[in-house]
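Residue-level listing of the chains:
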Amino acid sequence: MSVSEYKKILIPVDGSDASYRAFKEAVSIAKRNDSELILLNVLDDFVRFGNSEASMRLYDDLRVDALSVLESYEAEAKEAGLENVTLEIIKGDARYGIVEFANTAKADLVVVGATGKGAIERAMMGSVSEYVVRNVKSHVLVIK
C-alpha cells in the first residue's frame, strides 16, 4: 500500500500529549492525501468493577469530557483545511476497541501515540499502541 492509498485514517485520542502529537501527524497525512479523518475515543464503562449505577454516572461524565476533546480536535483539523472529519466515541477497553473499530471501519492507516495517559505506559511503548500494532489489519504509524 502506498501513501497515496491512505484515504481513511483513524486517530484514537485520549487527551494525552502523545495522542495530540499523533493527531497532528494524522492531520498532515490526511491533508496530503485528501483523506477522511476519524477521531476515536474509547471510554471504559467500568461496569466490571461492581457498582453499575456509579459506573454509568462516571461513564457519562467521561463521555462529556471526551466529546469536548474530540470537538476541539475536529475544529483544529477543519482549521487546517480538512473537511471530512468524523467523531466516534465507543465503550470498552481501548486496546480491543481501537482494533475492532479500525478493522470494521476498514481504516487504511491508524496513527497512535506511543504512550497514553498512564505513568506506567510512559516508561515504555504503551500497551495500547503495542496491541494495536500487533493486531490491526491496516498500516499503523506510532508517533513518539
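Cut-off values and rules
Residues numbered from 1 in each chain as written. Predicted model: local features only at pLDDT ≥ 70, side-chain atom pairs only at ≥ 80, totals over all residues. Heavy atoms only, no water. UniProt positions renumbered as here; feature names shortened; annotations may be inferred. Pairing = 2+ DSSP bridges. Helix = DSSP H or I, 4+ residues; strand = E, 2+ residues; numbered from the N terminus. Axes fitted to C-alpha atoms, helices over the stretch in contact; angles between N-to-C directions. Left-handed = near helix turned anticlockwise from the far one by under 90°. Contact = heavy atoms within 4.5 Å. Nonpolar A, V, L, I, M, F, W, Y, C, P; charged D, E, K, R; others polar. Phe/Tyr/Trp six-rings, centres within 6.5 Å; stacked < 30°, edge-to-face > 60°. Buried < 20%, exposed > 50% of the residue type's maximum accessible area, 1.4 Å probe, protein only. Salt bridge = Lys/Arg side-chain N within 4 Å of Asp/Glu carboxyl O. pLDDT = per-residue confidence, 0-100.

- The name recorded for the chain in an unreviewed UniProt entry is Universal stress family protein, from Aerococcus viridans.
- In the Sequence similarities (unreviewed entry) part of its UniProt record, the chain is described as follows: "Belongs to the universal stress protein A family."

**Remarks on the sheet that holds strand S2 (residues 36–43)**
Argument step 1. Pairing in this open sheet of five strands is parallel, and the strands run S3-S2-S1-S4-S5 from one edge to the other. The open sheet terminates on both sides in strands that have one partner only, identified here as strand S3 (85–91) and strand S5 (139–143). Neighbour-to-neighbour, the strand axes of the sheet open up by a mean angle of 25°, direction not taken into account.
Argument step 2. Of the pairings in the sheet, the one linking S2 to S3 comprises seven bridges and is parallel in character.

**Focus on the packing of helix H3 (residues 94–105) against helix H5 (residues 127–135)**
Argument step 1. Interaxial distance between H3 and H5 falls to 9 Å at its minimum, and their mutual angle equals 35°. For the crossing formed where H3 meets H5, the hand is right-handed. Contact with H3, carried on its side by Ala94, Arg95, Tyr96, Ile98, Val99 and Asn103, involves Ser127, Val128, Tyr131, Val132 and Asn135 of H5 and no other residues of that element.
Argument step 2. Taken together, the residues that form the contact of H3 with H5 break down as seven nonpolar, three polar and one charged.

**Things to note about the packing of aromatic side chains**
Argument step 1. Throughout the structure, instances matching the rule amount to four aromatic pairs.
Argument step 2. With a centroid separation of 5.9 Å and an interplanar angle of 35°, the aromatic rings of tyrosine 20 and phenylalanine 23 are classed as tilted. Here tyrosine 20 and its partner phenylalanine 23 are both found in helix H1 (residues 17–33), three residues apart, which amounts to about one turn of the helix.
Argument step 3. Judged by relative accessible area, phenylalanine 23 falls into the buried class, the value being 1%.
Argument step 4. Ring geometry for phenylalanine 23 versus tyrosine 73: centroids 4.5 Å apart, planes at 25°, classification stacked. Taken together, the residues phenylalanine 23 in helix H1 and tyrosine 73 in helix H2 (residues 52–79) connect sequence positions 50 residues apart.
Argument step 5. Connected via pairs of aromatic rings, a cluster forms that spans Tyr20, Phe23 and Tyr73.

**A look at the pattern of salt bridges**
Argument step 1. Within the structure shown, the criterion is met by four salt bridges.
Argument step 2. Aspartate 93 is the salt-bridge partner of arginine 95, the closest N and O atoms lying 2.7 Å from each other.

**Observations concerning the confidence of the model for the chain**
Do not read the predicted coordinates in detail wherever pLDDT is low.
Argument step 1. Across the chain, the average pLDDT comes to 87, with 83% of residues at 70 or higher.
Argument step 2. The spread of mean pLDDT over the elements of the chain runs between helix H4 (residues 119–122), the lowest at 46, and strand S1 (residues 8–12), the highest at 97.
Argument step 3. Below pLDDT 50 for its whole length, residues 120–125 participates in 14 contacts with residues either more than four positions away or in separate chains.

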